Amino acid sequence: AGDVGGSGDAGEMPDAGSDSATADSGPPIPDDLASRYCDAYDDYGTMCSVPGAGADCDTGETCVVDALRSDVAEPLVLCLEGRACGDSDGPCFDIDTFGVTPSSAAADFTTECLARHEECAGSFEEAHCGYAVLSDATLARYSHCLRTNCAGINSCVGRIIGCIDE
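The present account deals with the structure reproduced in this document. Because the structure is a prediction, the values reported are computed rather than measured.

Compared with the 16 Å implied by 1.5 Å per residue over 12 residues, the 18 Å span of helix α3 (residues 70-81) between its first and last C-alpha is a close match. Against α1 (33-47) lie the buried residues of α3.

Assignment of secondary structure puts C150 in the loop between α5 (136-146) and α6 (153-165). Judged by its relative accessible area of 5%, C150 is buried. Distance from C150 to C120, taken between C-alpha atoms, is 5.5 Å for residues 30 residues apart in sequence.

This brings us to the pattern of salt bridges. The tally for this structure, following the rule as stated, stands at 5 salt bridges. The residue E74 makes a salt bridge to R36 at a minimum N-O spacing of 3.2 Å. Separated by 38 residues along the polypeptide, E74 in helix α3 and R36 in helix α1 bring together distant segments of the chain. Residue E74 is classed as partly exposed on the basis of its relative accessible area of 32%. The salt bridge involving D71 is made with R69; its shortest N-O contact spans 2.6 Å. A relative accessible area of 26% places D71 in the partly exposed class. With relative accessibility at 8%, the residue R69 sits in the buried group.

Calculation criteria
Residues numbered from 1 in each chain as written. Predicted model: local features only at pLDDT ≥ 70, side-chain atom pairs only at ≥ 80, totals over all residues. Heavy atoms only, no water. Helix = DSSP H or I, 4+ residues; strand = E, 2+ residues; numbered from the N terminus. Expected span 1.5 Å × (residues − 1). Contact = heavy atoms within 4.5 Å. Buried < 20%, exposed > 50% of the residue type's maximum accessible area, 1.4 Å probe, protein only. Salt bridge = Lys/Arg side-chain N within 4 Å of Asp/Glu carboxyl O.

Here's what the structure looks like:
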């Protein structure tokens, strides 16, 4: 256990601009998808009396949509919009929900992430390893986080996909 491998600093990483969502050559992402993503959380919070359900979106609503595979971005938002009170958002971030195959980059990332999770003795959530809905470009940036010290992984991930996990 402990802090196996990796340096202490995540270093400089490129920004997850809107081009990272289309790196997989899927359909274009609708312009209103980021606001719909946030609205889905806000509406769920209001409908189900969950205070702060949309708080993460207040600071960067586009980060999630920019980070997603373009072929699952809109179905993911539709899934979030269709949740009933008590429904987890987990299935909306599970690639199996959409009937698409994880990319080879996603499969490689999952293997690397699970190994790092074990090396770090659970210092970051195992759920971080299941993001096959992210674009290959985002997964490459996320993989960089796995090479930092164990204690730095969560903050590094937060800088990349903070709207999902921060």
